[in-house]
Amino acid sequence: MRIRCLEFSERAKGALRDEMLQQNLQRIGVRFKTARDLAFAALEDPESLREMGRALKEKAIANLPLLLETLEMRVKEAGGVVHWACTSKEARNIVCEIARTKGVRTVVKGKSMVTEEISLNEALQAQGIEVWETDLGEFIIQLAGEPPSHIIGPAVHKSKEQIADLFAQKLGVPKAEAPEELTRIAREKLREKFLNADMGVTGANAAVAETGSILLLENEGNIRMSVTMPRILVTVMGIEKVIATLDDLAVILALLPRSATGQKLSAYSTIFTGPRAPGELDGPEEFHLVLLDNGRTRILADPDRRQSLFCLRCGSCLNVCPVYRKVGGHAYGWVYSGPIGAVLTPQLIPPRLARELPFASTLCGACAEVCPVKIDLPKLLLIMRQRLSEDPNFDGGVPLLPRLASRAHGWILTRPRLYRLAARGARLWSKALTEEGRWKWLPPPVGRWGKMRDVPAMQVPFSERWKKLKKELLGGVANEPTG
Amino acid sequence: MKVGLFIPCIVEQFHPQVGEATARVLAKAGCSLDYPPDQTCCGQLQYKTGNWKSARDVARHFIKVFEEFEAVVAPSGSCVAMVRKYYPELFRDDPRERQRAQSLAQKTFELTEFLVRVLGVEDLGARWRTKAVYHDSCQVSRALGIKEEPRRLLSKVEGLELVEMEQGEVCCGFGGSFSLQFPEISEAMVAEKASHILATGAETLISAEISCLMNIGGYLKRKGASIVPVHIAEVLVQRGK
């Protein structure tokens, strides 16, 4: 997938001008958020559940090497094959190689962010393999040739009218606007692909080390079909998705659907272990599990950034993020968007290519309030800003000028007399620039700010008013009105 | 109680009347006040733009200026959150400095929480006949968990009718350096906030965070709205109208 994170500002501006997109974003923000809030409010003790989620992820990530080895062992015992991939390229090559040696011609895919991360579709297609996204949202954006704009709802940026037009144009069907009708069209098209596919590819919501089982949650049944129908099944997962036990899985099952869609349980919860065993009726003949690192062990190595790996990919931080709700997922320029995208992206791709993203947040904290595993996203955003700006090992490429300005400002702030003098100078200067309390011209960074807002004029500062005020307060006239 | 008054830079330079009101409110509540003249700023801008080395220098200066007081009070949630949440983090690798940062963090308060939680004062004898809406700044309400206190103080203001806005918990789009770096996104956010505020029909917009007020107030003024943005300290010194 092409990395376009450096275009964030430009694409955000484009998104703000796109009225249709603004309407679509408004709708999803409210709908997902309300559903999530209601689902958690119905729980007796939602906080404890989130604490449990946090604790199990903390433990799993702390024991990651052991859990991964246990998982590998159990998957092998169940008859599966385990592959380790350090990079996206290695993961792509592994899947392409399986497809090539097994003579695969058609692949059906379940919705998966990690296969977007490794650009799997393009690699398979380059080998002449037909690849079909079978999740309705993914199917829509595949037809449109777009990347997903939301972790859970990849096509949430589109209205049903836009989808109707897309189907009519790409599938040659008469224009149908009822969602039921659109779903029927996709279902008919995909049913034929399921029946002909040689290989299914999925991601994983979690993998249970003690049993070697994979969890997949969905509402359409397409993932279950992708898992059970083709003769070969490949599951690609980030190594951080492993959890220790089935008891932990129960916590994930309680948290994830509630956070993602506000459901108590997804319509389909598939938990499978290995390929079809002798005597079983369905399931693939072969099961391959690809464990992807792609920068995750580097995150693991930094205790401050480690909680980035707790993410369950529920998307709830996107739904409440006031920035995401204005600019949508595509502005972020890669696979993951919203607060978690702004944190993960510069850790998974070369940092300088995503240097703007951690700064594209007001640090309002709405994300941390809903995160099912209590990731402190504002803190991670701050840590990423620091790493990008200051850490020589991080090659952030943050422009020098604002950095120097911030440091010079900081230097002045440790020298009170210089600070007062500089402020006085600025005030004298500002007098020449204001007329009846309004600015005629504002210096550059504030100028952009002031394009849409009135900027207050500088006043005789409090520090110069204090002496008189102190006398007044000590003189016992403290309680008089200010006027 | 010997209280050190911390006047954040935006108040100092642009809204000194908020500082004056804060001092009057605290004096009325019985505090013995002082304003240490060497104070500058909390270093939040440096911290939030990732320049932690600079932020540490500013924080050291701040700690030196304020650590002798029994309590430090500021009319701003974000500056207090900086001192309370992030100073101890900044010095976590140096036990001695961390200790100083922690002890200052524990006695640094946002104005409304100091009045209600620490002093137990709710009624300051203010009178103002107005229909007002209170804006929950993210730094006040989320970072510091202060939602009740300002509302309790406002409920004691004679004549003041407090109304709530739709989606009050959503950020106004300021975010410090964010609004300078991404002015268009920030504008879209403040526009939405402004529409919710105007829909209440309130005449007065109150907040405990000066930067939100500057953002929302500046936008509303540009749009020609007549609603008056005021800091809660300014409300608490009103004596009738």
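Quick notes on the rules
Residues numbered from 1 in each chain as written. Chains lettered and ligands numbered in written order. Predicted model: local features only at pLDDT ≥ 70, side-chain atom pairs only at ≥ 80, totals over all residues. Helix = DSSP H or I, 4+ residues; strand = E, 2+ residues; numbered from the N terminus. Rg over C-alpha atoms; globule rule 2.2 N^0.38 Å. Buried ≥ 20, exposed ≤ 12 C-beta atoms within 10 Å, placed from the backbone. Contact = placed C-beta atoms within 7 Å. Domains from an automatic or database assignment. Nonpolar A, V, L, I, M, F, W, Y, C, P; charged D, E, K, R; others polar. Pairing = 2+ DSSP bridges. pLDDT = per-residue confidence, 0-100. Axes fitted to C-alpha atoms, helices over the stretch in contact; angles between N-to-C directions. Parallel < 35°, antiparallel > 145°, perpendicular 65-115°, else oblique. Expected span 1.5 Å × (residues − 1). Arc of directions from axis to C-beta.

A. Just the overall build of chain B, in detail. Looking only at helices and strands, chain B features 13 helices and 8 strands. The C-alpha atoms of chain B give a radius of gyration of 18 Å, which matches the 18 Å a tight globule of 241 residues would have. Dimensions along the principal axes, computed over C-alpha positions, put chain B at roughly 50 × 45 × 25 Å. Looking at chain B as a whole, 61% of its 241 residues qualify as buried. Residue pairs at least 24 apart in sequence account for 77% of intrachain contacts in chain B once pairs closer than 6 positions are excluded.

B. Representation of the overall build of chain A within the structure. The number of helices and strands found in chain A is 22 helices and 12 strands. In terms of principal-axis extent, the alpha carbons of chain A reach across some 95 × 55 × 45 Å. Each of the 483 residues in chain A was classed as buried or not, and the buried ones make up 49%. The contacts of chain A with a sequence gap of at least 6 include a subset with a gap of at least 24, amounting to 74%.

C. Representation of the domain arrangement of chain B. Residues and elements named next belong to chain B. As assigned here, chain B comprises domain 1 (2-117) and domain 2 (123-236). Relative placement of domain 1 and domain 2: their C-alpha centres are 22 Å apart. Taken together, the contacts link 30 residues of domain 1 with 23 residues of domain 2. Contributions of two or more residues to the side of domain 1 that touches domain 2 are made by helix H1 (9-14), helix H2 (16-28), helix H3 (44-48), helix H5 (77-90) and helix H7 (111-118). Across the side of domain 1 that touches domain 2, the residue classes break down as 15 nonpolar, 9 polar and 6 charged.

D. Highlighting the sheet that holds strand E8 (residues 242-243) of chain A. Residues and elements named next belong to chain A. Read across the sheet, 4 strands follow the order E8-E5-E6-E9 without closing on themselves; strand pairing throughout is mixed. Strands at the two margins of the open sheet, each flanked by one partner only, are E8 and strand E9 (268-273). As defined by bridge partners, strand E6 (residues 213-218) adjoins E9 across 6 bridges and the pair is classed as antiparallel. The partner of Leu216 across the bridge, within E9, is Thr270.

E. Main features of the confidence of the model for chain B. Taken as a whole, chain B shows an average pLDDT of 97; of its residues, 100% reach a score of 70 or greater. Interface confidence for the predicted complex, given as ipTM, is 0.97, next to a pTM of 0.96.

F. Representation of the sheet that holds strand E3 (residues 71-74) of chain B in the model. All names here are of chain B. Spatial strand order, E2-E1-E3-E4: 4 strands in an open sheet with parallel pairing. Single-partner strands in this sheet number two, and they are strand E2 (32-34) and strand E4 (108-110). Pairs of neighbouring strands in the sheet enclose a mean axial angle of 35°, with direction left out of account. In this structure, strand E1 (residues 2-5) lies alongside E3, joined through 3 bridges in parallel fashion. Opposite Gly4, over in E3, you have Val72 as the bridge partner.

G. Just the environment of Ile412 of chain A, in detail. Locating Ile412 of chain A in the fold gives a position in helix H19 (residues 400-413). Between the C-alpha atom of Ile412 of chain A and that of His157 of chain A, which follows or precedes it by 255 residues, the distance is 46 Å.

H. Inspection of the environment of Ala81 of chain B at higher detail. Residue and element names in this part refer to chain B. Counting through the fold element by element, Ala81 comes out in helix H5. Along the backbone, Ala81 and Arg92 are 11 residues apart, and their C-alpha atoms lie at a distance of 17 Å. When neighbours within four sequence positions are excluded, Ala81 is seen to be in contact with Gln139, Ala143 and Leu144.

I. How the structure looks around the packing of H7 of chain B against helix H9 (residues 148-155) of chain B. All names here are of chain B. Between H7 and H9, the shortest axis-to-axis distance is 8 Å and the interhelical angle comes to 75°. One way to sum up the angle between H7 and H9 is to call them roughly perpendicular. Here Thr112, Glu113, Leu115, Val116 and Arg117 of H7 come into contact with H9, specifically with Glu149, Pro150, Arg152 and Leu153. Partitioned by chemical class, the residues of the contact of H7 with H9 number 4 nonpolar, 1 polar and 4 charged.

J. View of helix H3 (residues 46-62) of chain A. All names here are of chain A. Under the 1.5 Å per step criterion, the end-to-end length of H3 is 24 Å for 17 residues, consistent within 8% with the ideal 24 Å. Listed in full, the buried residues belonging to H3 are Arg50, Met52, Gly53, Leu56, Lys57, Ala60 and Ile61. Projected down its long axis, H3 shows its buried positions confined to an angular sector of 155°, all on one face. Facing away from the buried side of H3, by more than 90 degrees, are the exposed residues Glu47, Ser48 and Ala62. Summarising the contacts, the buried residues of H3 are in contact with helix H4 (64-77), E8, helix H12 (246-261) and helix H13 (296-301).

K. Structural context of the interface of chain B and chain A. Taken together, the contact between chain B and chain A spans 63 residues of the former and 56 residues of the latter. Within the residue set of the side of chain B that touches chain A, elements represented by two or more residues are H1, H2, H3, helix H4 (52-66), helix H8 (138-143), helix H10 (177-181), helix H11 (183-199) and helix H12 (210-222) of chain B. Taken together, the residues of the side of chain B that touches chain A sort by class into 30 nonpolar, 19 polar and 14 charged.

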